[in-house]
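Inside the fold
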Amino acid sequence: MENKNLFDDFKKFQEKVDPPSKDQTNPHYRNAYASFESCLNTIKPALHQHNFILVQSNNRDELGDYTQTKFVHESGHELTTKVYLVLDKNNMQGVCSAITYAKRYGILTLAGIE
């Protein structure tokens, strides 16, 4: 029964959530993209409405550093993905930039949004 509720709630979430607004412009390529804040503002309310919470953390395994994104359902079941970090700069700014990028794409990936 819990798996059915998970499936039903996730289906309802995906039917409800719209792609986040593309509120930023990449200065190098001049293309518009959705900021991390835009992703959160769009996706979190829909998750909460359908019995999920968002959890993101950073960690390291044998393949490298990554950001893990989880949609945790009220049943205790989780949908999860890892995005491994690739640094442009080997300093804190480079790390933070890679983490923000990984968080944004982790959320979009799990939500099924491009």
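In this report, we go over the structure that sits alongside the text. Please read all numbers here as calculations on a predicted model, not as lab measurements.

1. A short note on the pairing of strand β4 (residues 64–73)
- Of all ten residues that make up β4, seven are buried, and the element is covered over most of its length.
- When strand β3 (residues 52–61) meets β4, the two strands line up antiparallel, connected through ten bridges. Following the sheet pairing, Arg60 is matched in β4 by Asp65.
- Taking the residues between adjacent antiparallel strands as the criterion, β3 and β4 are bridged by two residues.
- Pairing between β4 and strand β5 (residues 78–84): seven bridges, direction antiparallel. In the strand pairing of β5, Phe71 is matched with Leu79.
- With antiparallel pairing between neighbouring strands as the criterion, β4 and β5 make up a hairpin whose turn holds four residues, including Gly76 at a positive phi of roughly 100°.

2. Considerations on the packing of helix α2 (residues 36–49) against helix α3 (residues 92–111)
- At a minimum axis distance of 9 Å, the contact between α2 and α3 shows a crossing angle of 30°. Here α3 runs roughly parallel to α2, going by the angle between their axes. Handedness of the α2/α3 crossing: left-handed. Here Phe36, Cys39, Leu40 and Ile43 of α2 lie close against α3, whose contacting residues are Thr100, Lys103, Arg104, Ile107, Leu108 and Ala111.
- Tallied by class, residues from the contact of α2 with α3 come to seven nonpolar, one polar and two charged.

3. Description of the side chain of His73
- Structurally, His73 can be placed in strand β4.
- Overall, His73 belongs to the buried group, its relative accessible area being 3%.
- There is a polar contact of 2.9 Å between the side chain of His73 and the side chain of Ser75.

4. Brief notes about the sheet that holds β3
- Read from one edge of the open sheet, three strands run β3-β4-β5, paired in antiparallel fashion. What marks the edges here is a single partner per strand, and that holds for β3 and β5. Averaged over neighbouring strand pairs, the angle between their axes works out to 20° when direction is ignored.
- Sitting on the sheet, α2 is in contact with β3 and β4, with an inclination near 130° to β3.
- Across the sheet, α3 lies against β3, β4 and β5, angled at about 40° from β4, the strand it touches most.

5. Digging into the environment of Lys11
- For Lys11, the position within the fold is in helix α1 (residues 2–16).
- Residues Lys11 and His50, 39 residues apart in the sequence, show an inter-C-alpha distance of 9.2 Å.
- Looking at Lys11, its side chain comes within polar contact range of the side chain of Glu15, at 2.7 Å.

Analysis parameters
- Residues numbered from 1 in each chain as written.
- Predicted model: local features only at pLDDT ≥ 70, side-chain atom pairs only at ≥ 80, totals over all residues.
- Heavy atoms only, no water.
- Buried < 20%, exposed > 50% of the residue type's maximum accessible area, 1.4 Å probe, protein only.
- Helix = DSSP H or I, 4+ residues; strand = E, 2+ residues; numbered from the N terminus.
- Pairing = 2+ DSSP bridges.
- Axes fitted to C-alpha atoms, helices over the stretch in contact; angles between N-to-C directions.
- Parallel < 35°, antiparallel > 145°, perpendicular 65-115°, else oblique.
- Left-handed = near helix turned anticlockwise from the far one by under 90°.
- Contact = heavy atoms within 4.5 Å.
- Nonpolar A, V, L, I, M, F, W, Y, C, P; charged D, E, K, R; others polar.
- Polar contact = N/O pair within 3.5 Å; in protein donor to acceptor, adjacent residues only side chain to side chain.

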